[in-house]
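Each chain, letter by letter, is given below.
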Amino acid sequence: MRRLRIVLAILLCKLARWGLRRLGRGGTNLPGKLAVRICPDLLGSLGRQVYTILVTGTNGKTTSSRMLEQCLENAAIPAFSNRSGANLLTGITAEFVANATWTGKMRFAHAIIECDEAAFRHTAPLLDAKIVLMTNVFRDQLDRYGEITHTLNSIRAGIEQSPHATVCINADCAMSVDMMAGLPNPVRYFGVETPFYGDKSAGVTEVTRCTACGRDYVYEYRTYGHLGNYHCPGCGYHRPNARIAVTKVLSQDIDESRIEVQIGDATHEATINLPGAYNIYNAAGVMAVADAMGLGFEVIGPALAEFRGGFGRMERFEVGGQTIRMILVKNPIGCSQVLHYLVEGQDPVLLIFSLNDKTADGTDVSWIWDVDAEVLGQMEDRLTAVYCAGTRADDLAVWLKYAGVDSERIHVEYDDDKLLEIVGNATVPVYIIPTYTAMLTLRDKLARKYGLGQFWE
């Protein structure tokens, strides 16, 4: 009877996905819902056949997964991944089914799966991952995740039920390090051993206290947020040594970063085919995973230089001879880092912010007021115009005004088709900065209008 349920679930899931793709829709979630309805433990049956690398954390999951995908491709290790970013239980189930035969035999021996941190406690036990990459933990959508401790508890619960996993942890994130206390899993730490900015307090701060004695951490330097080289002046608790350590940032521009990184006793230079301090962290985490798999730098280095970013994550298009970049944001830390990246440029730009308050975005949009938006004032005449879009466009306009942006440069536009006309007629580089559902809508319309690949491809 169970075997019949598995076959029926796979059949229905595949047919639903095929039908939705024929209609031009992603088919990333509904097929999985149907499959789980018929066979609740389907993912467990399929997952046990695969060497799974699970990627979780607040920021950087999709980009890290794409970097890992390139690493395995360069190492000639066939693998599949949930490229669409559908990272809840149903979306992950649909991806496994898509890569299985009708009878439930997996076609690949390896999988790279990004998993929503709130869903991690439910998904991890079914997959029995061999490696878990935890990118970081920041305050995120309060209506979905609550306080950071809830996120940490969810991830810890998943790791507790992943006994065969090596866990790659950001050494610069004190909360992530502390979360592993008492767990028997092997740990590989990665981190950055140089500040990204001239001062020691770049960006908004998540306050962290030592869980052992309650004293505030003291930082030798911070990279951004609560990440950095910390120690407790009370009990002496401190940042652990990182096996994968970024020791120098050699150069950064609008397209890429060059770093010096130490892996064990060896030092290498690496080029990351994306800009931004947060992508240096993503690359360090990926190097930790590759190192845990026994992949050498001859594989890792070229992969970081060659990989294509995930959809909407610093994704670059050429439209009408002009460069368009789309950068997903969803919380104060991530958005602040995007703005710091923009400020570091030299050329004039046109910005489009699109803020939605749907369930997948987080219905509470008050997080925008914690963003370090005042840095936009440093752009001065480089900022040719700012368009506010999405269901909370008016909130964006007020936010930008209070951030010090010239009100004559702020425009509200609710019509996405008119936004695309603005993009197509732009005479300067355009940066589209949307929340999740806004990104999906704009990305789909850009794809249809300008012949770009769909988000699941």
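Residues numbered from 1 in each chain as written. Predicted model: local features only at pLDDT ≥ 70, side-chain atom pairs only at ≥ 80, totals over all residues. Heavy atoms only, no water.

Visitor: Would you mind showing me how to read unusual backbone geometry here?
Guide: A negative phi angle characterises most non-glycine residues, just as the trans form characterises most peptide bonds. Phi is positive for Ala76, which is not a glycine, with a value near 60°. With respect to the helices and strands, Ala76 occurs in the loop between helix 4 (61-74) and strand 2 (79-81). Assessed through its relative accessible area of 66%, Ala76 is described here as exposed. (Helix = DSSP H or I, 4+ residues; strand = E, 2+ residues; numbered from the N terminus. Buried < 20%, exposed > 50% of the residue type's maximum accessible area, 1.4 Å probe, protein only.)

Visitor: I keep staring at the sheet that holds strand 1 (residues 51-56) and nothing clicks. Help me out?
Guide: Sheet strands pair by backbone hydrogen bonding; their relative direction is either parallel or antiparallel. Strands sit in the order 2-3-1-4-5-6-9-10-11 across an open sheet of nine strands; the sheet is mixed. Either end of the sheet is taken by a strand with one partner, and the two such strands are strand 2 and strand 11 (266-272). In this sheet, adjacent strand axes meet at a mean angle of 20° when their direction is disregarded. Contacts between helix 5 (residues 89-98) and the sheet are confined to strand 1, strand 2 and strand 3 (110-114), with strand 3 contributing the most and set at about 160° to the helix. (Pairing = 2+ DSSP bridges. Axes fitted to C-alpha atoms, helices over the stretch in contact; angles between N-to-C directions. Contact = heavy atoms within 4.5 Å.)

Visitor: Which parts of the structure should I look at to understand the packing of aromatic side chains?
Guide: Note on aromatic pairs: each is described by the distance of the centres and the angle between the planes. Throughout the structure, instances matching the rule amount to twelve aromatic pairs. Centroid distance Tyr219 to Tyr230: 6.4 Å. Interplanar angle 65°. Geometry classified as edge-to-face. Taken together, the positions of Tyr219 in strand 7 (residues 218-224) and Tyr230 in strand 8 (residues 227-231) put the pair eleven residues apart, joining distant regions of the chain. Exposure remark for Tyr219: the relative accessible area of 22% places this residue in the partly exposed category. For Tyr230, a relative accessible area of 0% gives the class buried. The structure contains a cluster of three or more aromatic residues connected by ring pairs, namely Phe138, Phe196, Tyr224 and Tyr281. We note Lys14 situated over the ring of Trp102; from NZ or CZ to the ring centre the distance is 5.6 Å. (Phe/Tyr/Trp six-rings, centres within 6.5 Å; stacked < 30°, edge-to-face > 60°. Lys NZ or Arg CZ within 6 Å of the ring centre and 35° of its normal.)

Visitor: Would you mind showing me how to read the packing of helix 1 (residues 2-22) against helix 5 here?
Guide: Any two packed helices are characterised by how steeply their axes cross, that is the angle between the axes, and by the distance between the axes. Where helix 1 meets helix 5, the axes come as close as 10 Å, and the angle between the chain directions of the two elements is 95°. By the angle between their directions, the pair helix 1 and helix 5 is classed as roughly perpendicular. On helix 5, the residues touching Ile10, Cys13, Lys14 and Arg17 of helix 1 are Ala94, Glu95, Val97 and Ala98. For the contact of helix 1 with helix 5, the residue count by class is five nonpolar, no polar and three charged. (Parallel < 35°, antiparallel > 145°, perpendicular 65-115°, else oblique. Nonpolar A, V, L, I, M, F, W, Y, C, P; charged D, E, K, R; others polar.)

Visitor: Can you walk me through the pairing of strand 5 (residues 166-170) in this structure?
Guide: In regular strands, side chains alternate between the two faces of the sheet. When you tally the buried positions in strand 5, you get five out of five residues, the bulk of the element. Of the two faces of strand 5, both are covered, the one formed by Thr166, Cys168 and Asn170 as well as the one formed by Val167 and Ile169. Pairing between strand 4 (residues 131-134) and strand 5: four bridges, direction parallel. When the sheet's bridge partners are listed, Met134 is paired in strand 5 with Ile169.

Visitor: Looking at this structure, I do not really get the side chain of Glu95. What am I missing?
Guide: Relative to the helices and strands, Glu95 resides in helix 5. The exposure class assigned to Glu95 is buried, which follows from its relative accessible area of 10%.

Visitor: Got a minute to help me understand the pairing of strand 12 (residues 313-319) in this structure?
Guide: Among the seven residues in strand 12, five count as buried, and that is most of the element. Two strands pair when backbone bridges link them, and strand 12 and strand 13 (residues 322-327) are joined in this way by six bridges, in the antiparallel orientation. The residue of strand 13 that forms the bridge with Arg316 is Arg325. Hairpin connection between strand 12 and strand 13: a loop of two residues separates the two successive antiparallel strands, and Gly320 in this loop has a positive phi of roughly 55°.

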